[in-house]
Amino acid sequence: MAIIKEHSKQNFERIDKFATLLDSKFQIPGTKIKIGVDGIIGFLPVIGDISGLVISIGLIVAIVREGASGKVVAKMLGNLLLDVTIGEIPVLGNIFNIYYKSNKRNVALAKAHFVEGKHKGQPYKLFIGIGVFFLLFFGFSLWITIKLIKAILAFI
């Protein structure tokens, strides 16, 4: 079991608080649903998604500075890519972002890595898997877009 230095422990407390602010700081009145700044700004078209992406990358960079392995970084980037990709879908993407909470997931990965010694090693297999997934996803999205355009043109 790895031991976190006092300096790193304080950094992780700040990183965890920041992830909470991004993903689950506020409760929607009358529900048990928690939402964060990332979920709120995600409702702003384009600007909100880009801002959320940049902030989340900053969180990953902070974890990398603490010495995260390539494998845990690949998993964190996979969480972020999934969040951003599905987040681009109007309305459904916003709902997904509120429930998926990629920043909190990434902090949990980092804690498991540094405290329990999990997720060690090289990321090559993960990168290949993530790459194949997103190629298929984007290919499917392109195919759907082409079909929709053809249907609209046929209707006109």
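In short, a report on the structure. (Residues numbered from 1 in each chain as written. Predicted model: local features only at pLDDT ≥ 70, side-chain atom pairs only at ≥ 80, totals over all residues. Heavy atoms only, no water.)

1. Description of the nonpolar core
So the rule is basically this: Here the nonpolar core consists of buried residues drawn from Ala, Val, Leu, Ile, Met, Phe, Trp, Tyr and Cys, with membership extended through side-chain atoms lying within 4.5 Å. Partly exposed residues are those whose accessible area sits between 20% and 50% of the maximum for their type, while under 20% is buried and over 50% is exposed, using a 1.4 Å probe and protein chains only. Note on conventions: DSSP H or I runs of at least 4 residues are helices, E runs of at least 2 residues are strands, and numbering of each starts at the N terminus. The contact definition used throughout considers only heavy atoms, calling two residues in contact when any of these lie within 4.5 Å.
Counting 15 residues, the largest nonpolar core has Ile15, Ile63, Ala68, Val72, Met76 and Phe114 as the members making the most contacts within it. Going through the elements one at a time, α1 (6-23), α3 (47-65), α4 (70-87) and α6 (102-116) are the ones with two or more residues in this core. Leaving out residues up to four positions away in the same chain, Ile63 has contacts with Ile15, Ala68, Met76, Asn106, Ala110 and Phe114.

2. What about the pattern of salt bridges?
Two side chains carrying opposite charge are able to pair once their charged atoms lie near each other. Note the threshold: For this document, the term salt bridge refers to a Lys or Arg side-chain nitrogen within 4 Å of an Asp or Glu carboxyl oxygen.
On inspection of all chains with the given rule, the structure shows 2 salt bridges. Residue Asp16 pairs with Lys104 through a salt bridge whose shortest N-O separation is 3.1 Å. Of this pair, Asp16 sits in helix α1 while Lys104 sits in helix α6; the two residues are 88 residues apart in sequence, bridging distant segments of the chain. What makes Asp16 partly exposed here is its relative accessible area of 21%. Within this structure, Asp16, Lys104 and Lys111 form a network of salt bridges that share partners.

3. Some remarks on the environment of Pro45
Note on placement: Pro45 falls in the loop between α2 (37-41) and α3. When its relative accessible area of 66% is taken as the criterion, Pro45 is described as exposed. Taking the C-alpha atoms as reference points, Pro45 and Glu88, separated by 43 residues in sequence, lie 8.9 Å from one another.

4. Some words on unusual backbone geometry
Positive phi, normally seen in glycine, also occurs at Val91, with a value near 65°. Its place among the elements puts Val91 in the loop between α4 and α5 (92-100). Its identity as a non-glycine residue notwithstanding, Lys101 has a phi of 50°, on the positive side. Structurally, Lys101 can be placed in the loop between α5 and α6. Lys101 gets classed as buried once you look at its relative accessible area, which sits at 18%.

5. Focus: α3
Keep this limit in mind: What a helix should span is 1.5 Å times the count of its residues minus one. Note that the arc is computed from the directions linking the helix axis to the C-beta atoms.
The end-to-end C-alpha distance of α3 is 27 Å, a good match for the 27 Å that 19 residues give at a rise of 1.5 Å each. Buried residues of α3: Gly48, Asp49, Gly52, Ser56, Leu59, Ile60 and Ile63, and no others. The arc that holds every buried residue of α3, seen down its axis, measures 105°, which confines them to one face. Residues of α3 that are exposed and point over 90 degrees away from its buried face: Ile47, Val54 and Arg65. Following α3 by one or two positions, Gly67 adopts a phi angle in the positive range, close to 105°.

6. Structural notes on the packing of α3 against α4
The condition that has to hold: Note on definitions: angles span 0 to 180 degrees between N-to-C directions of axes, and those axes are lines fitted to C-alpha atoms, for helices only across the stretch in contact. The cut-offs work like this: below 35 degrees is roughly parallel, past 145 is roughly antiparallel, 65 to 115 is roughly perpendicular, and the gaps in between are oblique. Put simply, Ala, Val, Leu, Ile, Met, Phe, Trp, Tyr, Cys and Pro go in the nonpolar bin, Asp, Glu, Lys and Arg in the charged bin, and everything else, Gly too, in the polar bin.
Put simply, α3 and α4 touch, their axes get as near as 11 Å, and they point 175° apart. Considered as vectors, α3 and α4 are oriented roughly antiparallel to each other. The segment α3 lies against α4, with Asp49, Leu53, Ser56, Ile57, Ile60, Ile63 and Val64 engaging Val73, Met76, Leu77, Leu80, Val84 and Gly87. By residue class, the composition of the contact of α3 with α4 is 10 nonpolar, 2 polar and 1 charged.

7. Quick look at α4
With 18 residues, α4 should reach 26 Å at 1.5 Å per residue; the first-to-last C-alpha distance of 25 Å fits that figure. Where α4 is concerned, the buried positions are Val72, Val73, Ala74, Met76, Gly78, Asn79, Leu80, Asp83, Thr85, Ile86 and Gly87.

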